[in-house]
Amino acid sequence: QVQPVESGGGLVQAGDSLRLSCVFSRDIFNSYAQAWFRQAPGKEREFVAHISWGGSTTHYADSVKGRFTISGENAKRTLYLQMDSLNPEDTGVYYCALGYHVGQNYADITGYDAWGQGTQVTVSS
C-alpha cells in the first residue's frame, strides 16, 4: 500500500505562487500515473493535473493551463505542483493521487487507487 503525503499549502494573495509536494512511501514513478485534484467548499473534487508513469506526458485542466506545472522527482519519491498566478478560484483542498490503470481517463477520479490526506490552499483577493 502506497500512502501519499501532501504538504506546501497555505494562505497567499492573488498573483502569488505556491509549490505543493507529495511524498510517496516507495518508488512509484515508473509504475503509476500521478495526479493532483482539488476540492473547493461545497463543490465536487475536480481534476487539476496529471503526469503519466515515467513522466513523458502531462495534462492539465483548462482552468490551470499555463499557470500550473506538474512534475516528479524520482530520487526523492516526490510529486510537485508548481502553482503560479494564483487567483481566488484556486482555493480548495489539494489532493495527490496515483493510479495503476489510469490510461486516457486521467481526469476520472474513480481511476485512482491511493490518495493523500489533502493540503489546504487559500488565495485571498
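Just above sits the structure.
Predicted, not measured: the structure shown is a model, and the values here were computed from it.

What counts and what doesn't
Residues numbered from 1 in each chain as written. Predicted model: local features only at pLDDT ≥ 70, side-chain atom pairs only at ≥ 80, totals over all residues. Heavy atoms only, no water. Disulfide = S-S within 2.5 Å. Helix = DSSP H or I, 4+ residues; strand = E, 2+ residues; numbered from the N terminus. Buried < 20%, exposed > 50% of the residue type's maximum accessible area, 1.4 Å probe, protein only. Phe/Tyr/Trp six-rings, centres within 6.5 Å; stacked < 30°, edge-to-face > 60°. Lys NZ or Arg CZ within 6 Å of the ring centre and 35° of its normal. Salt bridge = Lys/Arg side-chain N within 4 Å of Asp/Glu carboxyl O. Pairing = 2+ DSSP bridges. Axes fitted to C-alpha atoms, helices over the stretch in contact; angles between N-to-C directions.

> Is there a simple way to explain the state of the cysteines in this structure?
Simply put, disulfide is the name for a covalent bond between the sulfur atoms of two cysteines. Using the criterion set out here, one finds one disulfide in the structure. Here Cys22 is linked by a disulfide to Cys96, with a sulfur-sulfur distance of 2.0 Å. Classification of the bridge connecting Cys22 and Cys96 rests on its S-S torsion, roughly 50°, and on that basis the disulfide is right-handed. Of the two residues, Cys22 is situated in strand β3 (residues 18-23) and Cys96 in strand β9 (residues 92-99); the sequence distance between them amounts to 74 residues. Residue class for Cys22 comes out buried when judged on its relative accessible area of 0%.

> Help me understand the packing of aromatic side chains, please; the structure alone is not making it clear to me.
Two aromatic rings are characterised by how far apart their centres lie and by the angle between their planes. Evaluated as defined, the whole model comprises six aromatic pairs. Residues Tyr32 and Tyr100 carry aromatic rings whose centres are separated by 5.4 Å and whose planes lie at 65° to one another, so their mutual orientation is edge-to-face. A residue pair is termed long-range when its members are at least 10 positions apart, and Tyr32 in the loop between β3 and β4 (33-39) and Tyr100 in the loop between β9 and β10 (114-115) qualify at 68 residues. Overall, Tyr32 belongs to the buried group, its relative accessible area being 16%. Counting every residue linked through ring pairs, the aromatic cluster contains Phe37, Phe47, Tyr106, Tyr112 and Trp115. Over the ring of Tyr95 we find Arg45; its NZ or CZ atom is 3.6 Å from the centre of that ring. Lying across the ring of Trp115, Arg45 places its NZ or CZ 4.9 Å from the centre.

> What should I look at first to understand the pattern of salt bridges in this one?
Once the charged atoms of two side chains with opposite charge are near each other, the side chains can pair. Within this structure, the stated rule accounts for four salt bridges. We note a salt bridge from Asp90 to Arg67, for which the minimum N-O separation is 2.8 Å. Here the residue Asp90 occupies a position in the loop between β8 (78-83) and β9, and Arg67 occupies one in the loop between β6 (58-60) and β7 (68-73), the gap between them amounting to 23 residues. Considered together, Asp90 and Arg67 belong to a single accessibility category, that of buried residues. Several salt bridges converge on common partners, so that one network encompasses Arg38, Glu46, Arg67 and Asp90.

> Explain the sheet that holds β7 to me, please; I cannot follow it from the model alone.
Strand pairing within a sheet occurs via backbone hydrogen bonds; the two strands may be parallel or antiparallel. Pairing is antiparallel in the open sheet, where four strands are placed in the order β1-β3-β8-β7. The outermost strands of the open sheet, each flanked by one partner alone, are β1 (5-7) and β7. Recorded for the sheet is a direction-independent mean angle of 15° between the axes of neighbouring strands. Relative to β8, β7 runs antiparallel, the two sharing six bridges. Across the sheet, Thr69 pairs through a bridge with Gln82, a residue of β8.

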